[in-house]
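Descriptive analysis of the structure
So you can see what is in the structure, the chains are spelled out below.
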Amino acid sequence: QVQLVESGGGLVQAGGSLRLSCTASGRAFSAYGVGWFRQAPGKERELVAAISVITSYADSVQGRFTISRDNAKNTVYLQMNSLKPEDPAVYYCAAGKFVIATITYEYWGQGTQVTVSS
């Protein structure tokens, strides 16, 4: 069993940066792929970045967001730069086993709110 806790959300001005953290409890977290999702009011949940044997990004965040992990800290980060008015949402991390770059998400965090002021 893996428990995920997100942190680092908040209010930032457009053009600013935030770093989200997803910290896991449980063993063997390094063996899991991890994704960051977001969901804005009235919109579907969107996968914005994932890390397994590779990293991948949604087109909407490519070049602005960076996903990384520190296995010694059981933590995956999402560095978000050049934040735009369309980026506000609740951001969730999720983890699961993977085969090559395909992750089957089994565990979810509670989410952290990101708000961008213009």
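It should be noted that the structure appears before, not after, this text.
This is a predicted model, so every value here is computed, not measured.

About the thresholds
- Residues numbered from 1 in each chain as written.
- Predicted model: local features only at pLDDT ≥ 70, side-chain atom pairs only at ≥ 80, totals over all residues.
- Heavy atoms only, no water.
- Patch = residues over 30% accessible without salt bridge, like charges linked within 9 Å, V, L, I, M, F, W, Y side chains within 5 Å.
- Areas by Shrake-Rupley, 256 points an atom, 1.4 Å probe, with all protein chains shown as cover.
- Salt bridge = Lys/Arg side-chain N within 4 Å of Asp/Glu carboxyl O.
- Helix = DSSP H or I, 4+ residues; strand = E, 2+ residues; numbered from the N terminus.
- Buried < 20%, exposed > 50% of the residue type's maximum accessible area, 1.4 Å probe, protein only.
- Pairing = 2+ DSSP bridges.
- Axes fitted to C-alpha atoms, helices over the stretch in contact; angles between N-to-C directions.

1. Points about a nonpolar patch on the surface
Nonpolar side chains collect at one region of the surface, where Val53, Ile54, Val99 and Ile100 lie side by side and expose about 420 Å² of accessible area between them. Along the polypeptide, Val53 turns up in the loop between β5 (46-51) and β6 (55-57). Residue class for Val53 comes out exposed when judged on its relative accessible area of 55%.

2. Some points on the sheet that holds strand β7 (residues 65-70)
Strands sit in the order β1-β3-β8-β7 across an open sheet of 4 strands; the sheet is antiparallel. Each having just a single partner strand, β1 (3-7) and β7 make up the two edges of the open sheet. Averaged over all pairs of adjacent strands, the angle between their axes in this sheet comes to 15°, without regard to strand direction. Two strands pair when backbone bridges link them, and β1 and strand β3 (residues 18-25) are joined in this way by 5 bridges, in the antiparallel orientation. From the neighbouring strand, Ser7 faces β3, where its bridge partner is Ser21.

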